[in-house]
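Summary of structural features
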Amino acid sequence: MSETPPTLLSPRVFLPFALVTLIWGSTWIVIKGQLGIVPPSWSVAYRFGVAAAAMFVFALLRRERLWPGPRALAFAAVLGIAQFALNFNFVYRAEQHITSGLVAVLFALLIVPNTLLGRAMLKTPLAGRFLLGAGIAIVGVALMIVHEYRAAALGPAAVVAGTALTLTGVLCASTANIMQGTAFARAQSMIVMIAWAMLFGTLGDALFAWITTGPPVIETRFSYLGGVLYLGVVASAVTFPLYFGVIRAVGPGQAAWSSVLIPIIAMGFSTVFEGYHWAPLSIAGGAVALVGLVIAVAKRPEKPSVSGNMVSLPVESDG
C-alpha cells in the first residue's frame, strides 16, 4: 500500500503553516509603521538585506554548500526578483493608496492563481471539495473586501491604483510559489536557494529604490529599526523557508490558504492595537472563509476497496 500523501492537516505541515500564518498576520501593522520618511522601496531593500544576511548565517551554521551552481543561481535570481522585489514593492506601494486591511484582504485572492497555475504547470491534482471550499472562501473574501472598501471611504482613483498594485503583487508572489513547487527547486537546498533569492531580491530592491527615489534614506526611530529587524528576521528569514516547505509538501494551492486566513488574523491584531471594530460584513466574510477552509482540507472517510483476497485503501489527493 502506497504511503498517504501529506495534507494541510498533517502535523508536519500544519504546524509550520500555522506559525507562518500567525506571523504574517502580524506584519500588516508593522509594514504600516515602515511608511513615511523612508521610501517604500528602501524599506523593502532593508528588510530583505537583513533577511538575506540571516539566511546565509543559518546556512553556514548548517554547514551548507553556499555555491549552488550557475543554473541554480539563475533560478534563484528569477525567484528573488519575483518574490522579494516585485511582489513586496507592489504591496508597499499599494498601501500608499488603500488601507492595509484592504491590501491584506485582496492578497487573499492568491489562492486563485496558485490553484490554477499549480494545476497547469505542476499538474497538481484537485479534489472537488478543495475547489468547493476555495469557491466558498472567495465569497467570504469578497464580503471582507466590500466592508474594507466601504469603511475606508476611498476615492475611485485610489481604489483602482491600490487594487491594481496589489493584484500585480499577487501574481508575482504566485509565480514564485509555483517555482518553489517545481522538481528543480525540490532538488536544491531550500536554505541556500532562499538565501541567494533574498540577496538577488535585495539588489533588485536597492537598484529600483535608487533609480526611483534617490540615495538610501534611513530612519533612526526605534520602532522603525525594530520593524525592519522583525520583518527581516522573523517575518522573512524564519517564515519563508517554512512556507516554501509547505508548498513543496502539499502544493501551492493548499499553501495559499494562509493568504485567506491572514486578513482575519490581521484584523485581530488591529482590534487589539488599533481599536478596529468588527462590522457584520467582516464577521460574515471571515466566517464564510473559515467554512470554506474546513470544507477544502477536511478529509472524507475512505472506503476500502477489495481486490481479490487483498483489501486496499484508496489514496485521495487534496491538491
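Parameters and conventions
Residues numbered from 1 in each chain as written. Predicted model: local features only at pLDDT ≥ 70, side-chain atom pairs only at ≥ 80, totals over all residues. Heavy atoms only, no water. Phe/Tyr/Trp six-rings, centres within 6.5 Å; stacked < 30°, edge-to-face > 60°. Helix = DSSP H or I, 4+ residues; strand = E, 2+ residues; numbered from the N terminus. Buried < 20%, exposed > 50% of the residue type's maximum accessible area, 1.4 Å probe, protein only. Core = buried A, V, L, I, M, F, W, Y, C linked by side-chain atoms within 4.5 Å. Contact = heavy atoms within 4.5 Å. Patch = residues over 30% accessible without salt bridge, like charges linked within 9 Å, V, L, I, M, F, W, Y side chains within 5 Å. Areas by Shrake-Rupley, 256 points an atom, 1.4 Å probe, with all protein chains shown as cover. Salt bridge = Lys/Arg side-chain N within 4 Å of Asp/Glu carboxyl O. Axes fitted to C-alpha atoms, helices over the stretch in contact; angles between N-to-C directions. Parallel < 35°, antiparallel > 145°, perpendicular 65-115°, else oblique. Left-handed = near helix turned anticlockwise from the far one by under 90°. Nonpolar A, V, L, I, M, F, W, Y, C, P; charged D, E, K, R; others polar. Expected span 1.5 Å × (residues − 1). Arc of directions from axis to C-beta. pLDDT = per-residue confidence, 0-100.

This part covers the packing of aromatic side chains. A full pass over the atoms with the stated rule returns 15 aromatic pairs. A ring pair is formed by Phe 88 and Phe 240, whose centres lie 6.3 Å apart and whose planes are at 70°; its orientation type is edge-to-face. Here the residue Phe 88 occupies a position in helix α3 (residues 70–94), and Phe 240 occupies one in helix α10 (residues 222–250), the gap between them amounting to 152 residues. The pair formed by Phe 88 and Phe 240 is uniform in burial state, with each residue classed as buried. Relative to Phe 244, the ring of Phe 240 lies with its centre 5.7 Å away and its plane at 50°, an arrangement referred to as tilted. You can see Phe 240 and its partner Phe 244 sitting in helix α10, four residues apart, about one turn around the helix. In terms of burial, Phe 240 and Phe 244 fall into one category: buried. Taken together through their ring pairs, the aromatic side chains of Trp 24, Phe 48, Phe 84, Phe 88, Phe 240, Tyr 243 and Phe 244 make up a single cluster.

Here is a general trend for soluble globular proteins: nonpolar side chains tend to be buried in one another's company. Formed by 81 residues in total, the largest nonpolar core has its most connected members in Leu 8, Met 198 and Trp 257. Among the elements that line this core, the one with the most residues is α3, at eleven residues. Residues in contact with Met 198, not counting those within four places in the same chain, are Phe 48, Ala 51, Ala 52, Met 55, Phe 84, Ser 236, Ala 237 and Phe 240. One finds Val 38, Trp 42, Tyr 224 and Val 228 within the second-largest nonpolar core, a separate group that totals seven residues.

As for its position among the elements, Phe 17 is in helix α1 (residues 11–32). Through-space distance from the C-alpha of Phe 17 to that of Ile 247 is 9.7 Å; in sequence the pair is 230 residues apart.

Among the surface-exposed residues, Leu 19, Leu 229, Val 233 and Val 238 lie close enough to one another that they form a single nonpolar patch of about 300 Å² accessible area. Sort the elements by how many residues they give to the nonpolar patch and α10 lands first, with three residues. Among the structural elements, Leu 229 can be located in helix α10.

Okay, the packing of helix α4 (residues 100–107) against helix α7 (residues 156–180) next. Where α4 meets α7, the closest approach of the two axes is 9 Å, and the angle between their N-to-C directions is 40°. As judged from the angle between their axes, α4 and α7 are oblique. Seen along the crossing, α4 lies across α7 with a hand that is right-handed. On α7, the residues that touch Val 103, Leu 106 and Phe 107 of α4 are Thr 163, Thr 166, Leu 167, Gly 169, Val 170 and Ala 173. Looking at the contact of α4 with α7, its residues break down into six nonpolar, three polar and no charged.

Time to look at helix α13 (residues 280–297). Over its 18 residues, α13 extends 26 Å from the first C-alpha to the last, a length consistent with the 26 Å expected when each residue adds 1.5 Å. Regarding α13, the residues found buried are Ser 282, Gly 285, Gly 286, Ala 289, Gly 292, Leu 293, Ala 296 and Val 297. Along the axis of α13, the buried positions cluster into a sector of 120°, meaning they face one direction only. Looking at α13, the residues exposed on the side facing more than 90 degrees away from the buried face are Pro 280 and Val 294.

Inspection of the secondary structure puts Leu 106 in helix α4. The exposure class assigned to Leu 106 is buried, which follows from its relative accessible area of 5%. A C-alpha to C-alpha distance of 30 Å links Leu 106 and Ala 74, two positions 32 residues apart in sequence. Leaving out residues up to four positions away in the same chain, Leu 106 has contacts with Ile 98, Ile 145, Thr 163, Thr 166, Leu 167 and Val 170.

Now for the confidence of the model for the chain. For the chain, the mean per-residue pLDDT works out to 85, and 92% of the residues sit at or above 70. The secondary structure element of the chain with the lowest average pLDDT is strand β2 (residues 310–312), at 34, and the one with the highest is helix α9 (residues 190–213), at 96.

Relative to the assigned elements, Asn 177 resides in helix α7. On the accessibility criterion, Asn 177 (1% relative accessible area) is buried.

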